[in-house]
Every structure is written in C-alpha cells, then in structure tokens.
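Structural features, examined
Residues per chain are reported as follows:
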Amino acid sequence: MNLLSEFDRQDLTKVGEELHSLAAELYPICRSITGEGFRQTLGLIKQRIPLQIFEVPTGTEVFDWTIPKEWNIRDAYIKDGSGRRVVDFQRSNLHVVNYSIPVRERMPLSELKQHLFTLPDRPDWIPYRTSYYKEAWGFCLAHNQMLALADGNYEVCIDSTLAAGNLTYAECFLSGRSADEVLISVHACHPSLANDNLSGVAVATSLAEYLAKRDLRYSYRFLFIPGTIGAITWLARNESKISRIHHGLVLTGIGDAGGFHYKKSRRGNAEIDQVVAHALRHQGEASEILEFSPYGYDERQYCSPGFNLPVGCLMRSVWGTFPEYHTSADNLDFIRPAKMAASLRVCATIIDVLEGNRRYKNLKPYCEPQLGKRDLYRSSGGEAISTEINARLWVLNLSDGEHTLLDIAERSGLQFSTICDAAEVLRQSGLLAEVAHDDLAASNAL
Amino acid sequence: MNLLSEFDRQDLTKVGEELHSLAAELYPICRSITGEGFRQTLGLIKQRIPLQIFEVPTGTEVFDWTIPKEWNIRDAYIKDGSGRRVVDFQRSNLHVVNYSIPVRERMPLSELKQHLFTLPDRPDWIPYRTSYYKEAWGFCLAHNQMLALADGNYEVCIDSTLAAGNLTYAECFLSGRSADEVLISVHACHPSLANDNLSGVAVATSLAEYLAKRDLRYSYRFLFIPGTIGAITWLARNESKISRIHHGLVLTGIGDAGGFHYKKSRRGNAEIDQVVAHALRHQGEASEILEFSPYGYDERQYCSPGFNLPVGCLMRSVWGTFPEYHTSADNLDFIRPAKMAASLRVCATIIDVLEGNRRYKNLKPYCEPQLGKRDLYRSSGGEAISTEINARLWVLNLSDGEHTLLDIAERSGLQFSTICDAAEVLRQSGLLAEVAHDDLAASNAL
Amino acid sequence: MNLLSEFDRQDLTKVGEELHSLAAELYPICRSITGEGFRQTLGLIKQRIPLQIFEVPTGTEVFDWTIPKEWNIRDAYIKDGSGRRVVDFQRSNLHVVNYSIPVRERMPLSELKQHLFTLPDRPDWIPYRTSYYKEAWGFCLAHNQMLALADGNYEVCIDSTLAAGNLTYAECFLSGRSADEVLISVHACHPSLANDNLSGVAVATSLAEYLAKRDLRYSYRFLFIPGTIGAITWLARNESKISRIHHGLVLTGIGDAGGFHYKKSRRGNAEIDQVVAHALRHQGEASEILEFSPYGYDERQYCSPGFNLPVGCLMRSVWGTFPEYHTSADNLDFIRPAKMAASLRVCATIIDVLEGNRRYKNLKPYCEPQLGKRDLYRSSGGEAISTEINARLWVLNLSDGEHTLLDIAERSGLQFSTICDAAEVLRQSGLLAEVAHDDLAASNAL
C-alpha cells in the first residue's frame, strides 16, 4: 500500500491537530542558530523520531564561514523610570534582537531608540530581527508600544551570553533498500515564529514518523538545522555523502492558509521538480511552480553552483510576500491544522511518486499484446475503454526503457498512482520488466 | 502537374458523389474481421484498383495473437410467441453481436435480456457490439424496441458458423521510383457503419486510383485490413518490409461534417506529422492536431514501441466523441459527399508535399545571387516584392542542405506549392542543386 | 563609466537636434548607389568621424554581381508646350527614376505617360523608383500633378551620365583591445529620403563619434555603403576579415515616431539577438522582436547562407509597413529629433551590453560565500534584501563558467547594468574570476 492510501485511512482532522500541537509545544522556546533553545527543540523532536545530534565547536571553518560563538539568553527587558518592564523578553522572545550581546545600562530614550526596531506599517506587531555575525544589541517592539514611551531614562538589560560553545544540528536517517538518498531539510532556528519554521519542523517530523514504519526504496535523511550556517556546516562535514543525494526538498512555511508554491531546483528539470509539479497538479488546492532563484531558504546552499543538487523548496505562502512574515503575527493562529495535514498529504504523494517511479521495458513491444486473453481488457467489443485499460495501453506503449512511469503519467494526463497500478498489473502478467539503473547507464554509454 | 491541381480540375461535386456511391455500395455487406463479407468488400474495391488478396489460416500465430476462427452468418432473428421476427438481421446486420456463435433456442424474455444490448440514452439507435475473442452470442437493438418486448417466450436464432478458415486482407501496391514506401492503412471490418470504416475505404480507394496513373517518387502500399488483428497480421508477415516505410497514414472517419483531426505519430515530429499539419493549415476547414495516444485505430500497432513507425491518423470527427459512433446512426446520411471530396483533396495535398519535399543546396550561397539578370526579380526598384519573389528569397536563404522545402514553407508561412515552384525555377536557373539522401547521411555521419 | 551613463549626462534634446541637423544637411543631396552624391555624403560624414573611402571600378565582379556604371545627374525636367517646367528635378531629386539614362526628346503626353510613376492612393506624394540594372528612364511625380497635365507635346530632359567609373563606400574602423569586430552597417544610397537612410546614417555617425573617444573591448567597423551592391562588394573584398565579425547590426529607419523593431539574425539565437532584445525590454518605448526573413536591408547579404553572420537589423517602423516609405513624405518632418536621440540611446545600451558581457567563475562555489564579512550584505538579519544584494546572489549562483552576465540578467529579470555592477563588486572582492574565451573553448572541446 502506498503512503497516501495509508495516510488517507487516518482521521485527517486528528492528523492536523497533532501537527499543530507539536508546533504549539515548540512555539515558546527561544531558538537561535546556536544554543540551548535549539537543543531543547531537538530534544522534543527526538521523542517522536530517531535523531542523531551533532555538536560543532565555535571557530570551526565550514567553507567560507566560521562557526560563531554560542548564544544563550535568560532574560531581557527595558524598564522605565518607575521600574516597570515596558518591554519584556518573558512575554515574547521576539522582543530581543536575536544574538544580542549582553547589555546592562541606563540611557535616555533618544539613545535607546537607536537600538529599537518596529514596523510603522503594522503598528501592533513585533518584528523579528537578528544580528548573528555583527556584535550588536537591540529590542524589537510594536510601533505603538514605542510611541507610548515617554521621554526620560530607561534601564536596559539583556542577560545573554555569547561565548565559545557549539553549533547543534540533528539528522534522522532512515535506511532504505538503496544507498541513494532523499534529503529533507528544515530549519529550526527561529524563535516564536510558527509558519516560518515550526510548520516545516512539524510536517517533517510527522513525515519521518510515517516513513520510519515502512519498507523504503530510498534512504531518507531528514536534517533539522539552523538556517544558512547549518546547511553550510552539514555540507562541509558531509562532502563524501553528497553524491548519494538523488532528490531533495526544503520544507518550510507550509502551515498557513495560502496555496502551495514550489520553487524548482537550480537544475529546473530534476526528477524532484517533475515529481512535485505532478503531486501539486493532482491535489485540490491552488498551486504555483516558481523558477529557481538564489535567494530563499537553504536550497540556496544545496543549489550553490559547486553542488547544484536536485533540491527544491515546498511552501505555502512564499517568504516575504505575506505581511505576517518575520513578525509576531506569524503565530499559532496563523498556521491551520487542516492546512498542515494537507501539506503532509502532498508530501505523502511526493514520496509515493519518488518511491514508485521506475522505468520498465515492454517485453512484447511488437504490436499490442493481447490484453483480452489475460483478462486485462474490456469484456465487450465496441464500447469505450476504462481509465484502467487506458493506463495499461499508455504504459505498454511508452515502456521502451526511456520513459519513467512519471513521464507516462504526465504525457497521458493520468495520475501517477493509476499508471503505477497499471504497470504493476502488467508486470505481474509478464508483459513488463523493470529496467535496472545499471542497464540504463550502460545503454546510455553506448 | 501536382496531384492537387489535377484533382481541382475535376468537378468536386461529382467526385464527392462517386466517393459516396462506393460507400453506399459497400454499406449493406455484413463485414467482420474474417469471412465472406470482408472478401466481398475487397472484390468490389478490386474492380477499381489493383489488389493482391492474402488469406491467413486460422491458428496462425502473429506476435502475441492467434488468427481466430473464421466467422460467417446467413441469418439471425428473435421471434415472439406469434412467430413474428421482432429483431431481424435482414433489416440491419448490426442486430447481431458480431462474431456471435450459432444459437437456436427458446427462452423467456428475462433470460433473453442477458443477451440484449441497447443504448438507453439514444433509444432509437442500434448499438454496434462485437465479441471476437470470447465465444458468446447476443443481439443489439433500439432501446425502445426492447421496451416494447412483452413477457413470454422467444425463439432465438443465429445462423452463423465459427470454424477454421482464414483471415483475409488486401494490398494495393503502387511502385514508385524509390523503394521507400508510404503506407496508407484503412480498416474494412465493420458491418453497416459508414463513417467508421466506409469513408476511409472509399477515400483510400479513390486516392489509389489517382496515384496509379502517376509517375511517383515513393512507392505506395495501401492496406485494406480488419482492424487490430489485420494490422498485427500484416506487420508479423512483413517484418522485412517495415524498414521501407518512411511515412504512413491511417485513414478513417473522414466523411462526416466535422472539422479535420490529425493524431500525430508516436514520434510526434515525424515528417508525416509536419506534412499533415501543413496541409491542414492551408485548407479552408477547421482542423486540430492531436498528440499521440495509444488508444485509437491501427496506428496503435504501427506505433507500438517495437516498431515506432512514422504513422499518424487522419480523421474528421474523432472516434468516441460523436454520438453516432458505433451505432446505426453512423449511416449513409451521416457521411456527406462534399466532405468526402474535401478529405480526398487534403490527401492530395499531403501526397504533393511528400512527393515534392526535398533538400536543396544554394549554389551561390555568398550574398544573394542577382535575380534581376535572370528575370526572376521585380521590374522596377523601390516597389514591394511579390509572393513569388519572396518565396525565391526564402528558398535561396534556407537552402543550406539542412532545411527541407517544407521547413522553408513553414518558416516563411507560405504554401508548400509556392515554395516548391520557387525551388523549381531556381533549380532551372542553375542556382540550386538537390541534396541526395546519401550526401545528407554522409554529412550527418561526419 | 558605461556609454549609457556618459550619454545620459548630455542634454537629450540637444543630442536629438544634432542628429536631425546632420540628416538635414545630407537631405538635399541626390544620392544613388554610385556617383558624386554618394561621395559628397561621405565627405560630410568624414567631417565628424575618421573615414577611409574606397573606390571600386565599374565592371569589377563581386560574387554573382558586377559593379555597374557610375551614374551622375545635373538636371532633369519635363517642359510643357509653353516651356514651363511642369516636373523639375531641381525641386525634388525624387522626380527622376534613379539611374535614368540621359534623354532629351519631345513626345506627346500619351507616350510620355509610359515613363511616369505616381501613387494614385497618395495623390500628393512623389514615389521613389530606381532602375539600377536595367537601362531605362522615367519620372516620378504626384498623381495630382500628372492628372493636371494637358494633352499635347512635352519636352523631356534628363541630363545624366551613365559611364565607366566607380562604386564608392566608406569604413570607419575603431580599434579595440580585441581583434574581434562589431559591424555596424548603414546604407546611404537613397536621395532625399529621411527615415529610410538618413536616420541610420546620422545615428551611426554619432555612435561612432562617441565610441571613438572610448577604450573599447571590441573593434568596431562602421560601413557607409550603397544598399545591396555595397554590402556585396564589401563582403567580396573582405572575405579574410569576415571571421572576425562577432556581432553586427544594420541600422536604418530609426528616426520616425514608431516603436522599435528588431529583426533577428538568421541564426535567431546569436548573442546580438539576445543583447538587442534585452536592451529593448529595458527602455521605455514599445518594441517588437521579429523573426529573420530574407527580404529587408543589407542583413540579406550578411545573413546569406554562405556567411550566416550574426547580424540583425534595428529599426523603428518596418520598411513597407508605413505609407511614407519610399515616397516624398519620408522627409525631414517624418523624422523626430527626440526619436533619433532615443534610438542612439538604445544603441548605447546595446554597446554597453556587448562590451560588458562576460562569463565569470565563482571562486567559492560551495555554498554561498559569506557576503556579510565583506560588507556586501544587508546590515540587519530578518529584513528583505535590496536589488543590489539580489544581483550579487544571482551572479554568484550562475557564475559557473557557462552563463554570461547577460544570461544572468535575463534569468533574474534584472537590468544588465545592475548585474554587471554586481559582478564587478564581486570580482574586486576576489569572489569571481573571468573565464577567458580560450578556457571556454578548451572546456567545450573536452
């Protein structure tokens, strides 16, 4: 049974609630690209799926980058003259510019303002800002909150540490029959932001849970990493494994109510690009395929010209195009259980196509084989044929060792699962044989 | 003179009537994939064109198939309690499921109904049904006819024979200057169905008559065969000739009032695909080009992956898309003399392009040759040029040994005949030389 | 500084007026494909840019053509019975069919009419007609002018000479760092026609003036030639130089108020085709890209199949599509100073792209290099990136030695200059190295 069928036997409402509840559990943690928040997050994921956790020391060189100091934070606030916390990290971890150096000072409002970030157009939302690679400090707050600050002196405290430590990331590796790998990469370095990080974390975790119980063709490697530096670190430490990656997906921002967007790999015509486009075409929601561009999530690293891996990025609303992006409004209300479940369902279809996509050779390629005598044709001559029979004709006609089942699905306009079922019936009838990867390579070499 | 010009010197109304009258002559015969009806049909065609008739014994293996027993029928009826023929083969040969085994029984209506086929949505039409490869019997009748049957016992008689014999088919071979062949294939195994079989038979017969009188570049092989098993039989018995087939067309369903449809060969970019698209673009009626699909007529066999021949299918209305398809309403009124004549006219254009399509080499390729001194240019400088001169410029510019005249016609948007005339004028002026097929192969091999 | 920036520092109104004034200075001269009018035209151009002038004797064979006799004219008229000049060459040089043989006769109106050309649909305009290669004489006049001619005898005089002499043309060669050449070709053989020849002459002359002051990557060869026979003559006499032509443009008809049209080279995908399309996409006026066709201006010769040079044709309104074409209405009012300036501006963009288009190799191709530490990234994490930074990411991602900067501009949708600036910044930071042409050839050969 394919994953989609297994998945569809669940109660989808319940699946959505479980996805949302994992996001909710992770939401309050103050994550960053290093530190205890990230470790705590991995700890909760590890309760669900097997995780191997890696620590990489500060100062390690990874390609053009260096692992930064580890950042941790306990508390932060701005107090007014009366000692009242007018900005309080305990109420939202977005209030502190992520990676702020420790500070404990008194200063007038005019000086403080140079360290304050707001969104004048969205005066009730707190922006999300970081300063990973430039030592600085700052607070983010609602614009209205800032306007309400009276002149006078303020006490500023950021009780953080920035010191030699480690960068942490985790892998969930699921071994399949082949050493060829599918990479699923999610960043988990954002603090209380729901769509832009936790939706991806929750869907990837759940997908790994489903896959862990199955007999798999490919091996699957799920990465839970800090954005940018995490992908760079993983690539730098795993150069020998990179050639095993046959397909890959960055999953993120897939919990909101928007339609699906898939950003193609740099190659633009990789199998994963074809697979995701097919899966999106045959689900119910609006979807759009975007050309590759070098700005975005960690596909930026996987698709850098030296690697040029077949890795695309599956999203709902695209980063930067919705107002809630990188603000406090990207909260647990912004992600919807039903949408997360539907995203997981699309991932199941993608996995089914990747797992089932093969090349076959028609063993009776001269004229059509007589399907009737094998009970694979219609009963009465003169009538129209069914979709099942049509799928069999397509598979027989295009199984010349060059077309994959997905090619056949695309050319016929039929669903991959219908084509896949037809191929299986024909294979069992002795009319098809799978073309091994090696045969293919050999015949291409001739 | 090209075939189209020859053809257009006829009275088109008369041409249409002759085509329709051949269809009318063949209409009453009860054809099947084997038997006397098929032989009788070939006999009438043979009065018009040279035909070689082949008989292949029952039991002969042809690829995955076996030649079935031969079927013949004299009479069939259902009589009611009063002895009245309520369903009578003598009134329409569609009343019997084609290939019905002999039966002579009495049975109550309830039992009889398991052998009756009707079209509830078209209650006055008789459906067409067959059971070639599963021994069975049945009657087809108008739904209203069935509703009028009273309860009671009925006498059922099918006076058929199903016994060792032969499958019959015919070839009309017209020898050209080259051994390279054009295949024209029509099925002739349907009983009283006018568009779906007799329109193709009539147009192909007439086309062969025209071609038989001409000096031909290609050799032409017209096949009059039973659908599916006939094409399979021909391919199985002629494997050595298959490499000679350079272009091919299945002709069928080209007598009704619908616009033209051309279903491309499996290759999708064969010369025949380009030729038919050009011919359809430059005639007056609506037309549509369809991608290849594995269900359809005998192109299914010619385009099976082992052969992958450049054979497309030219139709007017597409099988299964018009309600009359495979019913008694596909009768002599459904096919129109004027439409049959226009179909033959399109075939003439296709032949002209196939016969005339060549590659030339411009013998003065550096700058334009001076057409004026050869009287091939306009008389007064400063004015616009005519279509004839424009065609000459196109032929000179693109005759680099790679572009065919059809390529040039397509790229210039001009008609093939205009381009062909221009090439002939330039050749006669010593400005062009034909590129032999061998030269081309040699230069491609370098 | 690129040429466009230099150009935009001028007063565009003044630039337009200068262009128009050069056209106005050349307008009264009676040019033809040979003779003093052409020499006089070159003399005026030579006051602005360095010109080498070539004379090719009558009778010289150039490919399929022969240099014709030289034509000169002093006066021409038709006098009525009263001795009044009813048609007078001194009022418009279009009145004489260009290349008319000398004539001095008296004849009745009926006989004279066989030598008169008019435009009945545009009864007030004088047509432009030539008879270069057939010895003939004639007059062109307004249709209303002809209608006003009373019956009676007329005195006809064409005081021309047609005798052994020379064909004249000129080159302005600007030597660049490379021997690879850009060809700019304009015809200058039309008499008082403003858009169809003088607009191109003026823009090309001005472009050469700008380029003469610059350090150039390519060498530039501007040709001022008679149409057709001039291009053929140049090609015939310069076969050894032809392989140096890497890009080329025919400039003509670029002074009228219509939008831009670019007719692609015969190759259709040459770099010049891509460059001009990019330049037109990023300027403000309407523009259209036309497929190559063999009729037109001198690209006919450069794109003949034996040469197949990467030469396109940049115009505003296309020859033959506007009523003023080849009539006295193509006068100095028909060309607009502002439009000529805008045409020159598009040429400047084209030159900038040609000069700046290179391939680079990302020297840190594994993951993104850390732009932040080089001060090439945004200051605060979490915010959107600027177009400049986006351009840097595009250049880094696609600089794999295969994509040119123009490829990157096209794929990113950004302007070439933005991409070019990004590449320069990255090169200065040591992140990019130019791929030499030789490296490229070597890697392609592998």
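Fair warning: this is a prediction, and the values are worked out from it, not measured in the lab.

With respect to the overall build of chain A
When you go through chain A residue by residue, the secondary structure sums to 14 helices and 19 strands. Each of the three principal axes of chain A carries a C-alpha extent, and together these read 90 × 45 × 35 Å. Long-range contacts, defined as pairs at least 24 residues apart, comprise 80% of the intrachain contacts of chain A with a sequence gap of at least 6.

Here we look at the packing of helix H8 (residues 271–281) of chain B against helix H10 (residues 337–356) of chain B
Residue and element names in this part refer to chain B. The N-to-C vectors of H8 and H10 enclose an angle of 130°; their axes lie 9 Å apart at closest approach. Relative to H10, the element H8 lies oblique. The way H8 lies across H10 gives a crossing that is right-handed. Judged by residue contacts, Val275, Val276, His278, Ala279 and Leu280 of H8 engage Val346, Thr349, Ile350, Val353 and Leu354 from H10. Classifying every residue of the contact of H8 with H10 gives eight nonpolar, two polar and no charged.

Structural notes on the interface of chain A and chain B
Listed as interface residues are 22 residues of chain A and, on the opposing side, 23 residues of chain B. The dominant element in the side of chain A that touches chain B, judged by the number of residues it contributes, is helix H11 (residues 387–398) of chain A, at five residues. Looking at side-chain class alone, the side of chain A that touches chain B contains nine nonpolar, nine polar and four charged residues.

Things to note about the environment of glutamine 145 of chain A
Residue and element names in this part refer to chain A. You can see glutamine 145 is positioned in helix H5 (residues 143–147). Taking the number of C-beta atoms within 10 Å as the measure of exposure, glutamine 145 has 19 and is therefore partly exposed. When the C-alpha atoms of glutamine 145 and proline 123 are compared, they prove to be 8.1 Å apart, with 22 residues separating the residues in sequence.

With respect to the environment of asparagine 72 of chain C
With respect to the element layout, asparagine 72 of chain C can be found in strand E4 (residues 70–79). Separated by 59 residues in the primary sequence, asparagine 72 of chain C and threonine 13 of chain C have C-alpha atoms spaced 37 Å apart.

What about helix H7 (residues 229–237) of chain B?
Along an α-helix, residues three or four apart share an orientation, since each turn contains 3.6 residues. Along H7 of chain B, seven of the nine residues are buried, which leaves the element largely enclosed by surrounding structure. Every buried residue of H7 of chain B is listed here: Ile229, Gly230, Ala231, Ile232, Thr233, Trp234 and Leu235 of chain B.

Comments concerning the nonpolar core
Among the nonpolar cores identified, the biggest contains 130 residues, and Val203, Phe224, Val395 and Ile419 of chain C are the most heavily contacted of them. Top element by residues in this core is helix H10 (residues 337–356) of chain C. It accounts for 11 residues.

Comments concerning the interface of chain C and chain B
You'll often see interface size given as the accessible area lost when the parts meet. Contact with chain C, which involves 22 residues of that partner, is made by 21 residues of chain B. For the side of chain C that touches chain B, the secondary-structure elements that each account for two or more residues are helix H7 (229–237) and helix H9 (299–302) of chain C. For the side of chain C that touches chain B, the per-class residue count stands at 12 nonpolar, seven polar and three charged.

Thoughts on the sheet that holds strand E13 (residues 245–251) of chain C
All names here are of chain C. Here eight strands make up an open sheet; going across it, the order is E1-E10-E12-E11-E13-E16-E14-E15 and the pairing mixed. Taken across any chain shown, the strands that pair with only one partner, and hence form the sheet edges, are strand E1 (52–57) and strand E15 (287–290). Between one strand and the next, the sheet's axes are offset by a mean angle of 20°, whatever the strand orientation. Relative to strand E12 (residues 219–225), strand E10 (residues 166–174) runs antiparallel, the two sharing five bridges. When the sheet's bridge partners are listed, leucine 174 is paired in E12 with tyrosine 220.

Some thoughts on the sheet that holds strand E17 (residues 359–362) of chain A
Residue and element names in this part refer to chain A. A sheet is described by the order of its strands in space; here three strands give the open sequence E18-E17-E19, paired in antiparallel fashion. Of all the strands in the sheet, the pair left with one neighbour each is strand E18 (400–404) and strand E19 (432–434). Shown here is a sheet whose adjacent strand axes are inclined to one another by a mean of 35°, direction ignored.

Quick look at the relation of the copies chain C and chain B
For the match of chain C to chain B, the screw axis carries a shift of 0.1 Å, the RMSD comes to 0.0 Å, and the turn is 120°. As the rotation angle and translation indicate, the two copies are arranged about a three-fold axis.

What to know about the domain arrangement of chain A
Residues and elements named next belong to chain A. What the domain assignment lists for chain A is domain 1 (3–67 + 166–356), domain 2 (73–161) and domain 3 (359–445). Computed from C-alpha coordinates alone, the two centres of domain 1 and domain 3 are separated by 34 Å. Contacts between domain 1 and domain 3 engage seven residues on the former and eight residues on the latter. Those elements giving two or more residues to the side of domain 1 that touches domain 3 turn out to be helix H8 (271–281) and helix H10 (337–356). Taken together, the residues that form the side of domain 1 that touches domain 3 break down as two nonpolar, four polar and one charged.

A look at the pairing of strand E4 (residues 70–79) of chain A
Residues and elements named next belong to chain A. Of the pairings in the sheet, the one linking E4 to strand E9 (residues 153–163) comprises nine bridges and is antiparallel in character. Residue pairing across strands places tryptophan 71 opposite leucine 162, the latter belonging to E9. Two strands pair when backbone bridges link them, and E4 and strand E5 (residues 85–88) are joined in this way by three bridges, in the antiparallel orientation. By the bridge assignment for E5, tyrosine 77 is matched with aspartate 88. Count of turn residues in the E4/E5 antiparallel hairpin: five residues, of which glycine 83 carries a positive phi of about 85°.

What to know about the pairing of strand E17 (residues 359–362) of chain C
Residues and elements named next belong to chain C. Two strands pair when backbone bridges link them, and E17 and strand E18 (residues 400–404) are joined in this way by two bridges, in the antiparallel orientation. By the bridge assignment for E18, lysine 361 is matched with aspartate 400. One ladder, built from three bridges, connects E17 with strand E19 (residues 432–434); its direction is antiparallel. Considered in E19, the bridge of tyrosine 360 is made with glutamate 434.

Focus: the packing of helix H6 (residues 194–212) of chain B against H10 of chain B
Residue and element names in this part refer to chain B. Where H6 meets H10, the axes come as close as 10 Å, and the angle between the chain directions of the two elements is 45°. By the angle class used here, H6 and H10 are oblique. Crossing hand, H6 versus H10: right-handed. Only Met340, Ser343, Leu344, Cys347 and Ile351 of H10 make contact with H6, whose side of the interface consists of Ser199, Ala202, Val203, Ser206, Leu207 and Leu211. Looking at side-chain class alone, the contact of H6 with H10 contains eight nonpolar, three polar and no charged residues.

Here we look at H11 of chain A
The end-to-end C-alpha distance of H11 of chain A, which contains 12 residues, comes to 16 Å, matching closely the 16 Å that a straight helix rising 1.5 Å per residue would cover. Among all positions of H11 of chain A, only Ala391, Arg392, Leu393, Trp394, Val395, Leu396, Asn397 and Leu398 of chain A are buried.

A look at unusual backbone geometry
A positive phi angle is found at phenylalanine 63 of chain B, which is not glycine, with a value near 50°. Mapped onto the elements, phenylalanine 63 of chain B comes out in the loop between strand E2 (61–62) and strand E3 (65–66). Of the residues examined, phenylalanine 63 of chain B has 20 C-beta atoms within 10 Å and is grouped as buried. Residues other than glycine seldom take positive phi values, yet aspartate 375 of chain C does so here, at roughly 60°. Relative to the helices and strands, aspartate 375 of chain C is located in the loop between E17 and helix H11 (387–398). Of the residues examined, aspartate 375 of chain C has 8 C-beta atoms within 10 Å and is grouped as exposed.

Brief notes about the confidence of the model for chain A
Per-residue pLDDT for chain A has a mean of 96; in total, 98% of the residues score no lower than 70. Across residues 440–446 of chain A the pLDDT falls below 50, and counting only partners more than four positions away or on other chains, this stretch makes two contacts in the model.

Quick look at the environment of serine 412 of chain C
Residue and element names in this part refer to chain C. By the secondary structure assignment, serine 412 is in helix H12 (residues 405–412). As for serine 412 and valine 395, which are separated by 17 residues in sequence, their C-alpha atoms are 9.4 Å apart. In this view, serine 412 contacts Trp394 and Ile419; residues no more than four positions away in its chain are not counted.

Calculation rules
- Residues numbered from 1 in each chain as written.
- Chains lettered and ligands numbered in written order.
- Predicted model: local features only at pLDDT ≥ 70, side-chain atom pairs only at ≥ 80, totals over all residues.
- Helix = DSSP H or I, 4+ residues; strand = E, 2+ residues; numbered from the N terminus.
- Contact = placed C-beta atoms within 7 Å.
- Axes fitted to C-alpha atoms, helices over the stretch in contact; angles between N-to-C directions.
- Parallel < 35°, antiparallel > 145°, perpendicular 65-115°, else oblique.
- Left-handed = near helix turned anticlockwise from the far one by under 90°.
- Nonpolar A, V, L, I, M, F, W, Y, C, P; charged D, E, K, R; others polar.
- Buried ≥ 20, exposed ≤ 12 C-beta atoms within 10 Å, placed from the backbone.
- Core = buried A, V, L, I, M, F, W, Y, C linked by C-beta atoms within 7 Å.
- Pairing = 2+ DSSP bridges.
- Least-squares fit on C-alpha atoms with pLDDT ≥ 70 in both.
- Domains from an automatic or database assignment.
- Expected span 1.5 Å × (residues − 1).
- pLDDT = per-residue confidence, 0-100.

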